[in-house]
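# Structural overview
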Number of protein chains: 2
Amino acid sequence: MVIKMSLERLKKEMVEMGEFGRDPQRKVESYSDLDPEKGVTRPCGTDANKKARDYVVAHMEEAGLKVKVDKVGNIFGRLEGKTDKGVIWAGSHVDSVLNGGQFDGTLGVMTALEATRRLIEEDHENYRPIEVVVYTGEEGSSFPLALLGSSTLIGKVTYDQALAAKNRDGEILEDTLEKIGYKGDFERKLDDVEYSLELHVEQGPVLDAEHIPVGIVENITGLAWILATIEGEENHAGTTPMKMRKDALLAATEIVSLVNKNALDLLDKYGGSTVGTVGRFNALPGAPNIVPGKVEVGIDVRDVVEENLTFMIDEAKKALKNLEKKYGVSVSLEMPFGVHKAAPLSTEVVDTIELSAQEVKVTAKRMNSGAGHDSQNIAEKIKTGMIFVPSIKGISHAPMEWTEWEDIEKGTKVLTQTLKNLSMKK
Amino acid sequence: MVIKMSLERLKKEMVEMGEFGRDPQRKVESYSDLDPEKGVTRPCGTDANKKARDYVVAHMEEAGLKVKVDKVGNIFGRLEGKTDKGVIWAGSHVDSVLNGGQFDGTLGVMTALEATRRLIEEDHENYRPIEVVVYTGEEGSSFPLALLGSSTLIGKVTYDQALAAKNRDGEILEDTLEKIGYKGDFERKLDDVEYSLELHVEQGPVLDAEHIPVGIVENITGLAWILATIEGEENHAGTTPMKMRKDALLAATEIVSLVNKNALDLLDKYGGSTVGTVGRFNALPGAPNIVPGKVEVGIDVRDVVEENLTFMIDEAKKALKNLEKKYGVSVSLEMPFGVHKAAPLSTEVVDTIELSAQEVKVTAKRMNSGAGHDSQNIAEKIKTGMIFVPSIKGISHAPMEWTEWEDIEKGTKVLTQTLKNLSMKK
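One structure accompanies this document, and this report is about it. These figures come from a predicted structure and were not determined experimentally. (Residues numbered from 1 in each chain as written. Chains lettered and ligands numbered in written order. Predicted model: local features only at pLDDT ≥ 70, side-chain atom pairs only at ≥ 80, totals over all residues. Heavy atoms only, no water.)

### Quick word on the layout of surface pockets
Let me state the cut-off plainly: Using a 1 Å grid laid over the protein atoms alone, points where a 1.4 Å probe fits but cannot get out form a cavity; open sets with protein on both sides within 12 Å along at least 5 of 7 lines form a pocket; any residue with an atom within 4 Å of a point counts as lining. Grid points are joined across faces, edges and corners, and a volume is the space filled by probe spheres set on the points. Here a strand is any run of E in DSSP of at least two residues, a helix any run of H or I of at least four, and the numbering for each starts at the N terminus. All amino acids are sorted into three groups, where Ala, Val, Leu, Ile, Met, Phe, Trp, Tyr, Cys and Pro are nonpolar, Asp, Glu, Lys and Arg are charged, and the leftover types, Gly among them, are polar.
In this structure, the second largest pocket encloses a volume near 1600 Å³. The wall of the second largest pocket is formed by 49 residues, among which A:His236, A:Asn289, A:Ile290, B:Val97 and B:His397 lie closest to the centre. Going through the elements one at a time, strand S8 (235-236) of chain A together with strand S7 (222-231) and helix H11 (374-378) of chain B are the ones with two or more residues in the lining of the second largest pocket. Residues of the lining of the second largest pocket, tallied by class, amount to 21 nonpolar, 18 polar and 10 charged.

And the structure:
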C-alpha cells in the first residue's frame, strides 16, 4: 500500500519549530521569507533548544508515543510493536549552529514523527517497536564535542564523560540539561535496537543541481583536519630585498594548490567523492607593506575510501614539511581530532530505502555524505540508513538554507515507506 | 679639517628622547636593554610627541639656534650664515608609529642638531644659514595622511588642507597642534632653501648584512598598492564536490607567486631594487571546513625605475582580472593612493656626501631607499640627500629596532662633514 502524506501538518510543525531561536521570532514558510542575516540559533541547552524539545515531546505524546529521556538528554518517543525486540529508530537532532537554517536536524525529527503518526493513523500493524529519536548536541556550537548524544549511545564516550563535557561558557552538560529539564534518569542500551534511519538535508549542491528529490546515503565520509602554522620572517616590504626574505605567505600558498590537485587526481583516478579544502588561510600581521611572518593554515580532507584519505593526509603533511627546506620557514602542525574514519551504512537498509523509493515512485540516487551526522556513530552498532533531500544551492549552516516542500514531501514518503517495510520484518 | 664627534652627548640625548612614549618610561642604552613587547609610541599630537618636541626645542635654544614653528607644526632651529640665502636644511621627524623604535626619525633630528652644534663649537664660519628641521606627522599612525609636514612645505597640500586633516580620533590637526602648543603662525616658503639632508635608519637589512656603516641614498623608491577582493562561493567543504566550487582562495593564491616571480624576473634582467609583496592575504570566513568565499589581498610593489613599477602594477592587475575567467570568481580592485612616483635625489648632494665620507674615512655605499621619507617630498623642490645607517636585522617600526652607537657615530661624522662642505659653498 502506498502511503498518503499529510504535508500540511508537517509543514505547519516545521514552520513552528523554525520560530524557536529566530530573532525576531517569526514564521518562515517559503524561500522568499528568508532573511539572509537572520537564521535560527538553537545550540544545545539554550532556551530556544528547550522550547524546540518541549514542542517535539508534546507532539510525540499527542500522537500516543511514550516519551523517555536518557541521562544525556536524548529523547525517545516509542510506538510499541507486536514484539519488543528489533527496535527501529528514526530521528535526528533539534539543536542548531549559530545563525543556521530551520531544516538541518529538525527535519529528520519531524519527518520521523510524521511517518510514525501515519503508520498509526493507517492502523499499520508494526511488528517491531519504532522510536522517534532526538539526539542531544549534534552540532559543536555549544558543546565543542559534537555528536554528543550519539557518541554516548554507542559508548564512544561514557555517560559520565558526556555529562561532564563543558560548553563554551564553561557550564557542564549535566547542569545545562537540569536547567532545561532534560536530564533523564536512565542509560539507553542498544541491545534491543536493530535499525536506525535518519532523514537529513544534503547540505551540498548535488541533488539540487541534478533535480533529484532523494539521496540514499551509502557512506558517511572519513574526515581529518590538518592545522599548520608556517613561520618565516616579518619584514618591511619596501626595504627587504627579495632574496633576503623568508616570506611565510609565498611558502604557504604552495599548499593550497597541492591539496586541490591531490583531490582532483584521486577523482580522476577513482571517481569517488574525495574533497580537499584549505578553508583557513590567514597571513599575519596582514598589512600590505609588511612581508608576512606567519600564515595560519587549516586543511580539511575527506574521503569514504580509507586509503585515499590517508593519501590526502600524508601528502599534505609531507608538502608542509618540505616548505621548511625550500623556503627556510618553520612549520608546525597538528591534527586536532586525529582521523574520523568513514562510516559505511548498512547495505540492507540502503537496499530497503531504494526499494521503498521505487514503491512510492520517488526518484532517488545513491550517494555519499560529505558532512558528519549522528548516523555515522549509530552505524557502528546498528544497521543504519540515511535519506537526503536537496539543499537549494547546497547551502546549509546559514540563514539561506532551504529545501522545497515538495522535496520534503517526497523524502517523507520514502522515509515512511522504509519505516513501514522495516517494521514488518520478522 | 676632520671633525671630532662628541658621541656621548648625542647618545645621552637619543636615550632621553627614547623615554618619551615608552611605557613604562625608561632609558634604553643598548640592544640588550630592548623589550620586544614595549617600544616607543609617539604619534603626532600625543603628549609624548609634545615632550619630544619640547626636548628638541630646548636643546636647539641651548645651542643658540633661533627656533620658529610654522602653521602645521614644522620646527626650524636656525643658525645664521654670512649670507641669508641658500639655506641648508638637515633633519627628520620625532613622531613614531605605534610601538616602534627610538631611532626612526629622531636620529635624523638629533644628529642634525649635533652636527650643527659641532660647527658652532669649532667656530666654523658657515657661509649659508643652516636649519635643523623637525617635520610634522611623518608616520601615518595618527594622521593617516603621512608625510604631512613635508607635503605642506612643498605645496602638495595647502596649509589649510593640512590643518583640516583628521586623525584617527576624528580631531583635526589644527586643534591637535594648539593643544600641544605647536600651532605656529607663519608659512615656510622654500625660495631661500637650496639643500636638504636627512640621516635615517635604513629600515632594511642590507647595510647590516654587508657590515657597511653608511648608505648614500640615490633614489627613494616609487610605490603603489593594489588592494583586491576576490569573491567566489562560500560552501561546505565536505558536501561541495571539487568541480562544483568557486574557491576564492584557490584563485587568489596564483597572485602571490606571480607578484614574487615578476619582481625576481626584473631583478634578474636589470639588477635594480624591485620588490613585490603580497602582505595582506586573508581567506574568509576562515574555518577549515568552509570553502573560502572571499579573499582580501593587499599587494605592495616598489621600484625606482618608473617602467618597472608600471610593469609590476599592470601585470598584477591583469593577473587579478584573469582569475575571473579561469576560476569563475569576481575581482574588484583599487589603488588607494594611486602611484607614488620614485624620487631621485640630487646627484650634487649625493656626490658631496660620498666625498665627505671619504674625507672622514667612513666606508659608504650608494643605494636606494625602499621606504618612504619626507625627503621624497622635499626632493621635488630642493636639492636633497639622505644618509642611511644600518638597522640590525633590518628591523624597524618595531620595538627591536636598533642601530649600534658606533655606526651612529660614523653616520653623524658623514652628516657633519657634508653639512660643513655644503655650508661653505658660495
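### Re unusual backbone geometry
Most peptide bonds adopt trans geometry, and most residues besides glycine take a negative phi value. We apply this condition: The rule is simple: take the accessible area with a 1.4 Å probe, protein chains only, and divide by the maximum for that residue type; under 20% is buried, over 50% is exposed, in between is partly exposed.
Cis geometry is found at the peptide bond from A:Asp23 to A:Pro24, where omega equals 0°. By the secondary structure assignment, A:Pro24 is in the loop between helix H1 (7-17) and helix H2 (47-62). Backbone geometry at A:His397 places phi at a positive 55°, although glycine is not the residue there. Take A:His397: its relative accessible area is 34%, and that puts it in the partly exposed class. Within the chain, B:Lys361 stands out as a residue other than glycine whose phi angle is a positive 60°.

### Re the pairing of strand S1 (residues 66-69) of chain B
Residues and elements named next belong to chain B. Put simply, the rule reads: Here, strands pair whenever DSSP counts at least two bridges between them.
Pairing analysis gives 4 bridges linking S1 to strand S2 (residues 75-79), with the strands arranged antiparallel. From the neighbouring strand, Lys-66 faces S2, where its bridge partner is Arg-78. Following S1, the chain reverses through 5 residues before pairing antiparallel with S2; Gly-73 in that reversal takes a positive phi of roughly 90°.

### As for the interface of chain B and chain A
This is how it is decided: What makes two residues a contact is simply this: any of their non-hydrogen atoms within 4.5 Å. Put simply, buried area is the surface a 1.4 Å probe can reach on two separate parts but cannot reach once they are joined, added for both. The salt bridge definition used is simple: a Lys or Arg side-chain nitrogen within 4 Å of an Asp or Glu carboxyl oxygen. A 3.5 Å cut-off defines polar contacts: any pair of N or O atoms within that distance qualifies, except that in protein one atom must be a possible hydrogen donor and the other a possible acceptor, and neighbouring residues in sequence count only when both atoms are side-chain atoms.
Between chain B and chain A, the contact holds 52 residues from the first and 52 residues from the second. Taking both sides of the interface into account, the surface hidden between chain B and chain A amounts to around 4100 Å²; carbon and sulfur atoms contribute 66%. It is B:Thr239, B:Met242 and B:Pro288 that lose the most area in chain B upon contact with chain A, and together they represent 17% of the buried surface on that side. One can count 2 salt bridges joining chain B with chain A. A salt bridge links A:Lys243 to B:Asp268, with the nearest nitrogen and oxygen atoms 3.7 Å apart. Joining chain B to chain A, the criterion identifies 9 residue pairs in polar contact (both at pLDDT 80 or more). Of all elements in the fold, only helix H7 (206-210), S7, strand S8 (235-236), helix H8 (248-270), strand S9 (275-284), strand S10 (290-291) and strand S11 (294-303) of chain B reach the threshold of two or more residues within the side of chain B that touches chain A.

### Observations regarding the packing of aromatic side chains
How we decide: Between rings of Phe, Tyr and Trp, where Trp is taken as its six-membered ring, a pair exists when centres lie within 6.5 Å; planes separated by under 30 degrees are stacked, by over 60 edge-to-face, and by other angles tilted. Counting as a charge over the ring demands two things of the Lys NZ or Arg CZ atom: a distance within 6 Å of the ring centre and an angle within 35 degrees of the ring normal.
Evaluated as defined, the whole model comprises 17 aromatic pairs over all chains. Ring plane angle 85° and centroid distance 4.9 Å describe the contact between A:Phe103 and A:Trp402, whose orientation is recorded as edge-to-face. Separated by 299 residues along the polypeptide, A:Phe103 in the loop between strand S3 (87-93) and helix H3 (106-121) and A:Trp402 in the loop between strand S16 (383-389) and helix H12 (405-423) bring together distant segments of the chain. By the burial criterion, A:Phe103 is buried, and A:Trp402 matches it. Ring pairs connect the aromatic residues A:Phe76, A:Trp89, A:Tyr135 and A:Phe186, which therefore count as one cluster. In this arrangement the basic side chain of A:Arg53 is found over the ring face of A:Tyr182, its NZ or CZ atom lying 5.0 Å from the centre. The ring of B:Phe76 carries the charged tip of B:Arg188 above its face, separated from the ring centre by 5.6 Å.

### Some points on the environment of B:Glu324
Residue and element names in this part refer to chain B. Relative to the assigned elements, Glu-324 resides in helix H9 (residues 306-327). Residue Glu-324 is classed as partly exposed on the basis of its relative accessible area, which comes to 28%. Considering only alpha carbons, one finds Glu-324 and Gly-232, 92 residues apart in sequence, at a separation of 9.3 Å. Discounting residues that sit within four places of it in the chain, Glu-324 has contacts with Val-329, Ser-330 and Val-331. Looking at Glu-324, its side chain comes within polar contact range of the main-chain nitrogen of Val-331, at 2.7 Å.

### A look at the pairing of strand S6 (residues 214-220) of chain B
Residue and element names in this part refer to chain B. In terms of burial, S6 is largely enclosed, as 6 of its 7 residues are buried. Pairing geometry for S6 and strand S15 (residues 364-369), over 6 bridges, is parallel. Along S15, the bridge assignment pairs Gly-215 with Lys-365. With 3 bridges connecting them, S6 and strand S16 (residues 383-389) associate as antiparallel partners.

### Things to note about the relation of the copies chain B and chain A
Spelled out, the test is: Residues reaching a pLDDT of at least 70 in both copies supply the C-alpha atoms on which the copies are superposed by least squares.
With an RMSD of 0.1 Å, the fit of chain B onto chain A corresponds to turning through 180° and sliding 0.0 Å along the axis. Here the transformation between the copies is reduced to the relation of a two-fold axis. Residue B:Asn282, judged by its C-alpha, is the member of chain B lying nearest the rotation axis, at 2.3 Å. Mapped onto chain A, 100% of the interface residues of chain B are again interface residues, and the two copies thus contact each other with one and the same surface.

### A few points about the packing of helix H1 (residues 7-17) of chain B against helix H12 (residues 405-423) of chain B
Residues and elements named next belong to chain B. Quick reminder of the rule: Angles shown run from 0 to 180 degrees and are taken between the N-to-C directions of axes, each axis being a line fitted to C-alpha atoms and, for helices, limited to the stretch in contact. Each angle is binned into one of four classes, with values under 35 degrees roughly parallel, values over 145 roughly antiparallel, values of 65 to 115 roughly perpendicular, and all other values oblique. It is the rotation of the near helix from the far one that decides the hand of a crossing: anticlockwise by less than a right angle makes it left-handed, clockwise makes it right-handed.
Orientation of H1 relative to H12, taken along the N-to-C sense of each, is 115°, at an axis distance of 11 Å. Classified by the angle their axes make, H1 and H12 are roughly perpendicular. Once H1 is placed against H12, the crossing between them reads as right-handed. Contact residues: Leu-7, Leu-10, Lys-11, Met-14 and Val-15 in H1; Trp-405, Ile-408, Glu-409 and Thr-412 in H12. Across the contact of H1 with H12, the residue classes tally to 6 nonpolar, 1 polar and 2 charged.

### Describing the environment of B:Thr253
One can find B:Thr253 in helix H8. Put simply, B:Thr253 and B:Val297 are 44 residues apart on the chain and 9.6 Å apart in space, counted from C-alpha to C-alpha. Ignoring anything within four residues of it in the chain, the contact list for B:Thr253 reads A:Thr253, A:Val256 and B:Phe281.

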